[in-house]
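# What the coordinates show
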Amino acid sequence: PEDINANTAGNALAILLPLSAGAAVYSWRGVRAQRDPALAFALALALTLASALAFAALLLTASRGAWIGLAAGAAAAFAAGLLGRRLAARSTALGATLVVFALLAGGMLAVFASPAVAARLGSVGGAGGSALGRGILWRDMLAQIGDYPFTGSGLAATMMVDATYFRLLHVGFITHAHNLYLQIAVEQGLIGLAAFVGILAAALCGLFRAAGAGRSQGGAIRIFALAGIAALVAQCVHGLV
């Protein structure tokens with residue numbers, strides 16, 4: 001706890017776990033086909049144990065955001081598996097990508113619109129043990145985005161700008177928006193946010209298409225495309241909080 005924030009650790013584990021699990025699944029499938037089955041079995045077992053250890057570490061972080069993100073990623077990968085070859089079509093993959101980001105936007109709007117939903121997300125710490133609700137904090141960040149819509153306030157400048165300019169305090173209070181998308185908009189402006197979301201959308205759409213075409217191209221492509229979908233969606237969802 002003294003070296004890394006539990007949510008930060010949970011976020012990294014939630015992203016890496018699907019990739020590790022995908023590697024384990026692929027390894028087990030290829031055990032019999034290898035020239036040295038014993039070595040292939042040992043490798044598959046090692047990958048499985050590593051994934052299990054990472055999952056146990058994720059549980060120990062007690063990061064509910066990471067748990068929800070991983071669950072959402074698994075659900076997205078499962079849905080992509082059900083859609084199968086239909087995802088190979090560009091229009092279907094684009095539609096699936098838009099659905100994911102529409103749900104993310106809906107979640108943010110729910111927090112802004114409903115104090116009850118915002119309260120369930122809990123508070124964030126500040127200076128001197130003070131706490132600030134996420135819903136209120138997000139609204140404060142929107143006001144700051146309005147002052148720096150194009151350039152942002154600058155990288156790693158959130159604490160100074162928020163404290164001295166927005167809250168009129170002589171000490172740092174909040175270092176982060178506790179929302180990946182708002183944080184990028186605060187520091188790098190709306191253009192930076194649009195670029196980031198564009199990168200995520202392009203990657204996710206490409207993964208959807210790869211998962212759809214993977215059945216005809218080979219098992220490895222399909223397995224790792226689904227793992228990539230789970231990892232990327234986990235990042236997008238956990239990034240909300």
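Residues numbered from 1 in each chain as written. Predicted model: local features only at pLDDT ≥ 70, side-chain atom pairs only at ≥ 80, totals over all residues. Heavy atoms only, no water.

### Digging into the overall build of the protein chain
Quick note on the threshold: Helix and strand labels come from DSSP, where a helix needs a run of H or I of at least four residues and a strand needs a run of E of at least two; each type is numbered from the N terminus. For the exposure calls, accessible area comes from a 1.4 Å probe over protein chains only, and a residue counts as buried if that area is under 20% of its type's maximum, exposed if over 50%, partly exposed in between. Throughout, a residue-residue contact means that at least one pair of heavy atoms, one from each residue, lies within 4.5 Å. Each accessible area is a Shrake-Rupley result for a 1.4 Å probe, and residues are judged covered by the shown protein chains and nothing else. A positive count includes Lys and Arg, and a negative count includes Asp and Glu. His and the chain ends are not counted in either. Just so you know, the charge point we use is NZ for Lys, CZ for Arg, CG for Asp and CD for Glu.
The secondary structure content of the protein chain amounts to nine helices and two strands. Element order for the protein chain, N to C, with α for helix and β for strand: α-α-α-α-α-β-β-α-α-α-α. Across its three principal axes, the protein chain shows a C-alpha extent of roughly 70 × 45 × 30 Å. A burial count over the protein chain gives 41% of its 241 residues as buried. Within the protein chain, counting contacts between residues at least 6 apart in sequence, those at least 24 apart form 69% of the total. Accessible surface, the protein chain: about 12900 Å² in total, of which carbon and sulfur atoms supply 70%. Measuring between centres, the 14 positive side-chain charges of the protein chain sit 25 Å from its 7 negative side-chain charges.

### Some points on helix H6 (residues 134-147)
Defined as follows: One fewer than the residue count of a helix, multiplied by 1.5 Å, yields its expected span.
Its 14 residues place the ends of H6 20 Å apart at the C-alpha level, agreeing with the 20 Å of an ideal helix rising 1.5 Å per residue. When we look at burial in H6, the residues that qualify are Arg-134, Gly-135, Leu-137, Trp-138, Asp-140, Met-141, Gln-144 and Ile-145.

### Notes on the nonpolar core
In summary, soluble globular proteins display a tendency toward joint burial of nonpolar side chains. The condition that has to hold: Buried Ala, Val, Leu, Ile, Met, Phe, Trp, Tyr and Cys residues that are joined via side-chain atoms within 4.5 Å together make up what is termed a nonpolar core.
Leu-104, Tyr-181, Leu-182, Leu-204, Phe-208, Ile-229 and Val-233 are the most contacted members of the largest nonpolar core, which totals 40 residues. Elements with a minimum of two residues in this core: helix H3 (64-83), helix H4 (90-113), H6, helix H8 (180-217) and helix H9 (219-238). Considering every element that reaches this core, the biggest residue donor is H8, with eleven residues. Of all hydrophobic cores here, the second largest spans eight residues; its members include Leu-13, Ala-14, Leu-17 and Ala-66.

### Structural notes on the side chain of Thr-97
Note that Thr-97 resides in helix H4. A residue is classified by how much of its surface remains accessible, and Thr-97, at 2% relative accessible area, is buried. Sequence-distant contacts of Thr-97, that is, excluding residues within four places in its chain, are made with Ala-201, Leu-204, Cys-205 and Phe-208.

### Comments concerning the packing of aromatic side chains
Basically, it comes down to this: The criterion for an aromatic pair is that two Phe, Tyr or Trp rings (for Trp, the six-membered ring) have centres within 6.5 Å, with stacked assigned to planes under 30 degrees apart, edge-to-face to planes over 60 apart and tilted to the rest.
This structure, assessed with the given rule, holds three aromatic pairs. Here Trp-28 and Phe-41 contribute two aromatic rings whose centre-to-centre distance is 5.3 Å and whose plane-to-plane angle is 75°, an arrangement assigned as edge-to-face. Taken as a pair, Trp-28 in helix H1 (residues 6-29) and Phe-41 in helix H2 (residues 37-61) lie far apart in primary sequence, 13 residues in all.

### Topic: a nonpolar patch on the surface
We apply this condition: Patches here: salt-bridge-free residues with over 30% relative accessible area, like charges joined within 9 Å, nonpolar side chains (Val, Leu, Ile, Met, Phe, Trp, Tyr) joined within 5 Å. Counted as salt bridges are all cases of a side-chain nitrogen of Lys or Arg within 4 Å of a carboxyl oxygen of Asp or Glu.
A cluster of nonpolar residues, Trp-28, Phe-41, Leu-45 and Leu-49, forms a patch on the protein surface that exposes about 390 Å² of accessible area. Sort the elements by how many residues they give to the nonpolar patch and H2 lands first, with three residues.

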